[in-house]
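Spelled out from the first residue to the last, the chains are:
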Amino acid sequence: MADNPTIESETRPCPPDPLPPVVASRPIRHSGYRIGTFAATLFLVMIAVLVGYRIILDYKQTDDATIVSEKHAYEVIGVSTRILSVTGDTETGQRGFPLTGKPANLEPYGTGMDALRRDLSLIRDLTTDDPHQQDNLLALHNLLQRKQAELAHAIDLAQHGDKNGALAIVNTDEGMRLMEAIRHTVTGIVGDEQQRLLAWHAQRQHARDASGQLLIVLLAATGGGAMVGGIAVGWLFSSAAAGRREAAQDEQRRLMSMTDLAAIMVRDFDGPIRFWSEGCHALFGWTAGQAVGQSSHTLLGTVFPVPLADIQAALLRDGSWRGESRQRRQDGSEVIVSAHKALRREADGSLTIMENVTDVTKQRRAEAALRDNEARLRLVQAVGGIAYTDQALPGSTGMVSHEYVTLYGLPKSATQITEAEWRAFLHPDDRDRLDAEITVLMAGGGPLATEFRIRRADGSVRWIAMRVEAFFGEDGQPLRLISAQRDITELVAAREALASHATDLERQVAERTAALAAAEARYRAIFDSQLEFIGLLDPDGTMLEANRTALEAAGLTRKDIIGRSFWETGWWPAAERDRLRQDIAEAAAGMVIRREVKNIGADRREIWLDFSLKPIRDAVTDKTVWIVAEGRNITEQRSLSNQLVQANKVQALGQLASGIAHDFNNILQAVEGAATLIERRPEHHDKVRRLARMVVDATARGGSITQRLLSFARRGEFHPEPLPTADLLANIREVLAHTLGASIVVQSTMPPGVPPVLADRGQLETVLVNLGTNARDAMPEGGTLTLSADVEFVAADDHRPAGLASGAYVRLSVTDTGTGMDAATLARAAELFFTTKPLGQGTGLGLAMVKAFAEQSGGAMAIASTPSEGTTVTLRLRQATEGTTPPDGEADSHGDTIDASAHILLVDDDDMIRELLAAQLEDLGFRMLVASRGAEAIALLEAGETVDVLVSDLSMPGMNGVATIEKARTLRPRLPCFLLTGYVGERAALAAGDAFTLVRKPVSAQALAARIEAGLAATRR
């Protein structure tokens, strides 16, 4: 306003004007000038306002249009990315279902198809005004249609059980090519939209700059006088700009929130991250606060498919780059991403890169698994000779596999074949039929399975089995043909040969059936005619078969035993069943079992068997598949064996005779000398008592010898009893020490606490004496014989001799320092009748009998020998349990006092024995009646003589002791009776054994008196 001339004229002084009229008119002119000036200024301001408003309006319209376009672009990017992800998931389900058969793999397919249709419709609406993108969408739509047709057909085949057909589709490269084309098309659409976003951002910035510059020019044109208008215009412009900025920011925030769902990051060219979407957070795990400002390559550990410098060069050259890379998540797991990088040059010249990444880990892993399965499928095809073709329609050329080239005899370099070339291979008689079948297939008639002949270039004719699948588009037209073929020439030849020779084959089958039946009959006849008992068992002991001999022996039928456990059949007594169950378990484990067992015959009589269990193993697995049970009746043999044992005892007694005679001569010498001195000097009472004691001791020694000899020589069945081990060895040592000769030192060793052994006394003593005599023969120059005993426990899992059950044993050993045996002799030492002694000096029964005795006693025998060092024979015999007691008559009862008031009738045909025994009992206080015959004793009883106890000798002429006792018990049923005998026969062999107490001679008067008192006490109770 300072430059306004009108205002200046009002402030400067003016010269006086002499003309009053003139002076009166000047203020009026100045006022009009000012009004005009103000009006002109106001007019200019109004024009500036109108022009500024128009500029603001145009800018707002341009800005609004740009915001809408950006919104559409972001939506197009998001929908396109979703289409690519859904397509990958759908393809993964399509590939996984035929390979795994799991319905869960179909879920992505069902939901994915619906999502694809919705997304395609949406993106088509968003790009209606963009012809280029519409072309891209049309291409994408066609690709997706082809992909959908392939997916649907493969899944349909798999659902209908045609897994091979589905795999044939999965096996081709067409699906991978389609997926790559879809990915490329979607990436192109997203890239175009990203380029448009960059262009629109630049356009908005340019419009904003141009509008601002124009407004500045207008305001300057109005001059200083337009300041008020300028202020007004500036306020209007500022208000409008602030409103637009706020609206734009709101819209941008809304669009960014939509875009944030995608995995998008913005970073500087050299790496630091400037923007990190929520999609990146979901994909990688880091929040925006954690990621922004860090180097993306370092944070994500990116592994690029090509050098980073090449990627940066492509960005600078082309403005974008597409590819896949491997990155890591926050939890350390690896993720494979498909990345689209776009370069943007900022106004200040800096470079910014926007990356849009898509997780393709599932697809790539599925593709890797698919490649593995495809490799296996190709291997199966190669091994099985399965050829395949793949023909894209309407083309006439198909791709062929290597197996197809081999099958048709094509050149090795061939990879394709035309329809005309294929038809040229067809046999003329099959060509028309195949044409008709393929026509039906192309019309939608379903899969084709057929057989035909081809004539190869070398003139050979081959039969081919072919299966063909057709794949159709949405318009119903066939798009592809895939076939699988294999050579069935040999199969057809065999089929034709089978058809032409059916009658001959039936005849051969009949002949072979008859031959098999005849062989079965022969086998059954041989099986049933065997004298041995034979059975076939499962490894668990179930009976499968038994021969007639075994069945008849027990009075059984096949129905009684087949399918039952062996130990539950009628052959076995209850006492054998637990042992038999253990034997079968050991045989199933591979052991051969052999032992002598007592069986039950048809008439309930006992049968002794040489019994064995032999495992039959599978040749491939070496597992036991059957067990053969065999039994040989050795009842008669055992009887003969017992006789042989007795003969062996007699032989042993003969060998011991000289030693026994020597001992008895010494005893007789002592008795004769003492008796002579007593007779000569009866008045020397002290000397007589001493000599009498010598006679008593000598007779006791003689009684001990005869007792052992009689026990050694006794006959009878096997009757085990508890035997004190220490006493046993001491007695045997004493016998052998006096009989083997002075050159043999006999000793015994045994730790304290060895429990009693359970065995037959007579047989065990016989065994030990036989082993002693054998040892003497092995030490012709003399030596040492050691008898030893110890405790041994055999566990179930120990390596033990066959047939030796687990449990507690007493180990008895007889060791000599003789000549020993070599390995060959040792291997046969226990064989029956095997001997190394000269003819007439050995029977070969010794060790065989020892072995049989040990096994019969539930134990085992073992022999160890070293040439020139000696031999050890070891017997493992079961320990006696605490509940077992010696048989009747074996333990003497010695009471502290004897009630001798009873009347005793003594019967004995030997006058000397009768007189001495009566005198001894009378000396003890008993009242004695004597009889020399059984009949005389019966007469005394019938006469009513007082008799409290009857004592009778066994062996008497006429009526023996047993008959005498029986007659006496008929007269007086409760009369205690005692039978005296010098024999050691078994009590069970004596009739009426329960009517008397057996007392073995020699017996002292005191011992006999104790027995009598015990018998009277029992009668009183």
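All residue numbers refer to positions counted from 1 along the written sequence of the respective chain. Given that the model is predicted, a residue must reach a pLDDT of at least 70 before its local features are reported, and side-chain atom pairs must reach 80 or more before they are shown or counted; all residues, however, enter totals for whole chains, interfaces and linings. Excluding hydrogens and water, the side-chain values take into account all heavy atoms of the structure.

Draft legend 1. Looking closely at the sheet that holds strand β15 (residues 606-617). Paired strands, as defined in this entry, are two strands with at least two bridges between them according to DSSP. Only DSSP runs of H or I reaching four residues or more are called helices, and only runs of E reaching two or more are called strands; each is numbered from the N terminus. Within the open sheet, the five strands sit side by side as β13-β12-β16-β15-β14. Their pairing is antiparallel. Single-partner strands in this sheet number two, and they are β13 (543-546) and β14 (593-600). Within this sheet the neighbouring strands show an average axis-to-axis angle of 25 degrees, counted without direction. Sheet analysis places β15 next to strand β16 (residues 624-633), joined by nine bridges and oriented antiparallel. Bridged to Ile616 within β16 is Trp626. Note on contacts: a residue pair is in contact if any heavy atoms of the two residues lie within 4.5 Å. With axes taken as lines fitted to C-alpha atoms, and helix axes fitted only over the stretch in contact, angles between N-to-C directions fall between 0 and 180 degrees. Set on the sheet, helix α20 (residues 574-588) makes contact with β12 (533-537), β14, β15 and β16; between it and β14 the angle comes to about 150 degrees.

Draft legend 2. Spatial organisation of the packing of aromatic side chains. In summary, the pairing rule links any two rings of Phe, Tyr or Trp, Trp by its six-membered ring, whose centres are within 6.5 Å, and it sorts them by plane angle into stacked for under 30 degrees, edge-to-face for over 60 and tilted for everything else. If you walk through the whole model with that rule in mind, you get eight aromatic pairs. A ring pair is formed by Trp276 and Phe284, whose centres lie 5.8 Å apart and whose planes are at 45 degrees; its orientation type is tilted. By relative accessible area, which is 4% here, Trp276 ends up buried. With a centroid separation of 5.4 Å and an interplanar angle of 80 degrees, the aromatic rings of Phe566 and Trp572 are classed as edge-to-face. Judged by relative accessible area, Phe566 falls into the buried class, the value being 5%. Partly exposed residues are those whose accessible area sits between 20% and 50% of the maximum for their type, while under 20% is buried and over 50% is exposed, using a 1.4 Å probe and protein chains only.

Draft legend 3. View of the packing of helix α28 (residues 934-942) against helix α29 (residues 961-971). Direction vectors running N to C along α28 and α29 enclose 10 degrees, while the axes themselves pass 10 Å from each other. As summarised for this structure, α28 and α29 are arranged roughly parallel, according to the angle between their axes. On the side of α28, the interface is formed by Gly934, Ala937, Ile938, Leu941 and Glu942, while α29 contributes Thr964, Lys967, Ala968 and Leu971. For the contact of α28 with α29, the residue count by class is five nonpolar, two polar and two charged. With respect to orientation, any angle under 35 degrees is reported as roughly parallel, any angle over 145 as roughly antiparallel, any angle of 65 to 115 as roughly perpendicular, and every other angle as oblique. Amino acids are sorted into nonpolar (Ala, Val, Leu, Ile, Met, Phe, Trp, Tyr, Cys and Pro), charged (Asp, Glu, Lys and Arg) and polar (every other residue, Gly among them).

Draft legend 4. Representation of the confidence of the model for the protein in the model. pLDDT measures the predictor's confidence residue by residue and takes values from 0 up to 100. Considering every residue of the protein, the mean pLDDT works out to 78; 73% of them sit at 70 or more. Averaged pLDDT values for the elements of the protein fall to 38 in helix α1 (residues 5-11) and rise to 94 in strand β24 (residues 903-907). Predicted confidence for residues 840-844 stays below pLDDT 50, and this span has 12 contacts to residues more than four positions away or in other chains. Segment residues 885-896 is flagged for pLDDT under 50; beyond a separation of four residues in sequence, or across chains, it makes 12 contacts in the model.

Draft legend 5. Summary view of the sheet that holds strand β18 (residues 744-749). Taken in spatial order, the five strands line up as β18-β20-β21-β23-β22 in an open sheet, and their pairing is mixed. A strand with exactly one partner marks an edge of an open sheet, and here the two such strands are β18 and β22 (860-866). For this sheet, the mean inter-axis angle between neighbouring strands, taken without regard to orientation, is 20 degrees. Together, β18, β20 (783-794) and β21 (807-816) form the strand contacts of helix α23 (residues 725-739), whose direction differs from that of β20 by roughly 165 degrees.

Draft legend 6. Summary view of the pattern of salt bridges. Note on definitions: salt bridges are taken to be side-chain nitrogens of Lys or Arg within 4 Å of carboxyl oxygens of Asp or Glu. This structure, assessed with the given rule, holds 37 salt bridges. Linking Glu792 and Arg876 is a salt bridge whose minimum nitrogen-to-oxygen distance equals 3.0 Å. Pair noted here: Glu792 is in strand β20 and Arg876 is in strand β23 (residues 870-878), with a separation of 84 residues, a long-range link. Arg876 shares its class with Glu792; the two are buried.

Draft legend 7. Representation of the side chain of Thr489 within the structure. Residue placement: Thr489 occurs in helix α16 (residues 489-500). Whenever a nitrogen or oxygen atom comes within 3.5 Å of another N or O atom, the pair is scored as a polar contact, on the condition that within protein one atom can donate a hydrogen and the other can accept it, and that pairs from neighbouring residues in sequence are kept only if both atoms are in side chains. A distance of 2.6 Å separates polar atoms of two side chains, one belonging to Thr489 and the other to Asp487.

Draft legend 8. The arrangement of the packing of α23 against helix α24 (residues 761-777) in detail. It is at 10 Å that the axes of α23 and α24 come closest, and there the two elements cross at 40 degrees. Between α23 and α24, the interaxial angle falls into the category oblique. In this structure, α23 meets α24 at a crossing whose hand is right-handed. Residues Leu728, Ile732, Leu736 and Thr739 of α23 lie in contact with α24, whose contacting residues are Leu764, Glu765, Leu768, Val769, Gly772 and Arg776. The crossing is said to be left-handed when, going from far helix to near helix, the turn is anticlockwise and less than a right angle, and right-handed when the turn is clockwise.

Draft legend 9. View of unusual backbone geometry. For the bond from Leu393 to Pro394, the omega torsion is 10 degrees, close enough to zero to count as cis. Topologically, Pro394 is positioned in the loop between β6 (387-392) and β7 (397-400). For Ser868, which is not a glycine, the phi torsion comes out positive at approximately 70 degrees. Following the sequence through the fold, Ser868 ends up in the loop between β22 and β23. Classification of Ser868 by relative accessible area gives exposed; the value is 67%.

Draft legend 10. Region of interest: the nonpolar core. Throughout this description, the term nonpolar core refers to a set of buried Ala, Val, Leu, Ile, Met, Phe, Trp, Tyr and Cys residues connected via side-chain atoms within 4.5 Å. Counting 34 residues, the largest nonpolar core has Leu764, Leu785, Leu875 and Leu877 as the members making the most contacts within it. Broken down by secondary-structure element, the contributors of at least two residues to this core are α23, β18, β19 (757-759), α24, β20, β21, α26 (846-856) and β23. With near-sequence residues (within four places) excluded, Leu764 lies in contact with Leu723, Leu728, Val757, Ala759, Leu812, Phe853, Leu875 and Leu877. Val86, Leu144, Leu178 and Ile182 belong to the second-largest nonpolar core, a separate cluster that totals 26 residues.

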